[in-house]
Amino acid sequence: PIREKPLSIHEGEEFIYVLEGRMRIRLGDHTDILDPGDSIFFKCSTPHHVTCDGGEPAKILAVISTGKAG
């Protein structure tokens, strides 16, 4: 059985672009699979969890902005 991972919540916004492999992303009650070339943008205040899908490694570009200068 697949154990549910705890969801993260933090400040800011997040952009993820999949370079290689497949990613599974859970946003609240919704889960989606991202393939190479797919991207997603979401507010980090939405409970979320990102992991590889299918047991194979994946490579992503993730950009997180808190909106704070510094």
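This text gives an overview of the structure that appears in the document.

Rules used throughout
- Residues numbered from 1 in each chain as written.
- Predicted model: local features only at pLDDT ≥ 70, side-chain atom pairs only at ≥ 80, totals over all residues.
- Heavy atoms only, no water.
- Pairing = 2+ DSSP bridges.
- Helix = DSSP H or I, 4+ residues; strand = E, 2+ residues; numbered from the N terminus.
- Axes fitted to C-alpha atoms, helices over the stretch in contact; angles between N-to-C directions.
- Patch = residues over 30% accessible without salt bridge, like charges linked within 9 Å, V, L, I, M, F, W, Y side chains within 5 Å.
- Areas by Shrake-Rupley, 256 points an atom, 1.4 Å probe, with all protein chains shown as cover.
- Salt bridge = Lys/Arg side-chain N within 4 Å of Asp/Glu carboxyl O.
- Buried < 20%, exposed > 50% of the residue type's maximum accessible area, 1.4 Å probe, protein only.

So, on to the sheet that holds strand β5 (residues 48-52). What the 3 strands build is an open sheet, ordered β3-β2-β5; its pairing is antiparallel. Two strands in the sheet have a free side with no partner beyond their single neighbour: β3 (30-34) and β5. Along the sheet, successive strands turn relative to each other by an average axial angle of 15 degrees, direction set aside. Pairing of strand β2 (residues 23-27) with β3 involves 5 bridges; the strand directions are antiparallel. Residue Met23 lies in a different strand from β3, and its bridge partner there is Leu34.

The subject of this paragraph is the sheet that holds strand β6 (residues 59-65). Note on sheets: strands pair through backbone hydrogen bonds, and any given pair is parallel or antiparallel. Read across the open sheet, the 3 strands follow the order β4-β1-β6; overall the sheet is antiparallel. Two strands in the sheet have a free side with no partner beyond their single neighbour: β4 (39-43) and β6. Going across the sheet, the axis of each strand differs from the next one's by a mean of 15 degrees, ignoring polarity. Alignment of strand β1 (residues 13-20) against β4, held across 5 bridges, turns out to be antiparallel.

Turning our eyes to something else, we now look at the pairing of β1. In the sheet, β1 pairs with β6 via 7 bridges, with the strands oriented antiparallel. Residue pairing for β6: Phe15 is matched across the bridge by Val63.

Right, let's get into a nonpolar patch on the surface. A cluster of nonpolar side chains, Phe15, Tyr17, Leu19, Phe41, Leu61 and Val63, forms an exposed patch at the surface whose accessible area comes to about 520 Å². Secondary-structure elements contributing two or more residues to the nonpolar patch are β1 and β6. Broken down by element, the nonpolar patch gets its largest block of residues, 3 residues, from β1. Note that Tyr17 resides in strand β1. Relative accessible area serves as the criterion here: at 31%, Tyr17 is assigned to the partly exposed category.

Nothing here speaks to function; it is geometry throughout.
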